[in-house]
Amino acid sequence: MRCIPYIVLYVVILIFHSCQSEPSLQRYFVDKSESKDFIALDLSPSILNIDKSKLTTTQKDALGSFDKMNILAFKLNDKNKAQFELERANVNSILKDEKYQQLMKFGSGQEGASVSFVGDDEHIDEFVFFANKKENGFAVVRVLGKDMNPTMIFNMISVLKEADVNLDQLKPLQDLMIK
């Protein structure tokens, strides 16, 4: 009977410990999407406005593996430079987690871009593009799908050439790009 309080305490500690999770990009997106310094967009494949009858089987497979795209952009201004450095460091820290495997990196740590993925070479669940420029800010793009692979991403690029993108959905990003 005396060990029951210890068992209850142990169960409570286990529950609280399991609720504390490692920082993730998904959690970061959720936490920052309402911040005034960020622009958040969720895009579905419908933004592409593609006539699927004109696509090859390979292109259809690539399009079919794509579920959605999440974009989170930090717009730098004179008042939030310290916040920019902190947020950029936070994203870099998250992307150093072993679940994010880096494919490519361009530029320096202060300015440039990287491409990472989650999954294995033939069954990728998420591609992550992270780009930052010290004059404008940074953007993180999560391309979510099922069983994607690098070949499908290249095929998706060919699909994008056929797309009639609905640019109205991208208007919030235009201010970030123009400076």
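Only a predicted model underlies this, so the values are computations on that prediction, with no experimental measurement involved.

Participant: I'm lost on the sheet that holds strand β1 (residues 38-43) in this one. Help?
Facilitator: Two pairing modes exist for strands in a sheet, parallel and antiparallel, and in both the strands are linked by backbone hydrogen bonds. Ordered by their spatial adjacency, six strands build an open sheet running β1-β2-β6-β5-β4-β3, and the pairing between neighbours is antiparallel. Strand pairing shows two members of the sheet lacking a second neighbour, β1 and β3 (101-107), which therefore form its edges. Strand-to-strand, the axes of this sheet are offset by a mean angle of 10°, without reference to chain direction. Where β3 meets strand β4 (residues 112-120), six bridges bridge the pair, whose relative direction is antiparallel. When the bridges of β4 are listed, Phe106 appears paired with Ala113. Along the sheet, helix α4 (residues 81-95) makes contact with β1, β2 (66-75), β4, β5 (123-133) and β6 (137-148), crossing β5 at roughly 155°.

Participant: I would appreciate a short explanation of unusual backbone geometry in the present structure.
Facilitator: Across the chain, the bulk of peptide bonds are trans and the bulk of non-glycine residues have phi less than zero. Positioned with a positive phi, Asp147 is a non-glycine residue whose angle comes to about 50°. Examined against the element boundaries, Asp147 turns out to sit in strand β6. Looking at Asp147, the relative accessible area reads 42%, which means it is partly exposed.

Participant: Even after reading the chapter, I still don't get α4, so can you show me in this structure?
Facilitator: For the α-helix, the turn length of 3.6 residues means that residues three or four positions removed from each other point alike. For α4, with 15 residues, the first-to-last C-alpha span of 21 Å sits near the 21 Å given by 1.5 Å per residue. Its buried side turned inward, α4 meets α2 (25-32), β1, β2, β4, β5 and β6.

Participant: Is there a simple way to think about α2 in this case?
Facilitator: Every buried residue of α2 is listed here: Leu25, Tyr28 and Phe29. End-on, the buried residues of α2 take up no more than an arc of 100°, which puts them together on one face. Lining the buried residues of α2 we find β1, β2, α4, β5 and β6.

Participant: I'm lost on the nonpolar core in this one. Help?
Facilitator: One broad trend across soluble globular proteins is that nonpolar side chains are buried collectively. Core analysis: the largest hydrophobic core is formed by 20 residues, its most contacted members being Leu48 and Phe127. Sorting the residues of this core by element identifies β1, β2, β4, β5, β6 and α5 (150-162) as the ones contributing at least two each. Leu72, Val91, Val118 and Phe138 belong to the second-largest nonpolar core, a separate cluster that totals 17 residues.

Definitions and cut-offs
- Residues numbered from 1 in each chain as written.
- Predicted model: local features only at pLDDT ≥ 70, side-chain atom pairs only at ≥ 80, totals over all residues.
- Heavy atoms only, no water.
- Pairing = 2+ DSSP bridges.
- Helix = DSSP H or I, 4+ residues; strand = E, 2+ residues; numbered from the N terminus.
- Axes fitted to C-alpha atoms, helices over the stretch in contact; angles between N-to-C directions.
- Contact = heavy atoms within 4.5 Å.
- Buried < 20%, exposed > 50% of the residue type's maximum accessible area, 1.4 Å probe, protein only.
- Expected span 1.5 Å × (residues − 1).
- Arc of directions from axis to C-beta.
- Core = buried A, V, L, I, M, F, W, Y, C linked by side-chain atoms within 4.5 Å.

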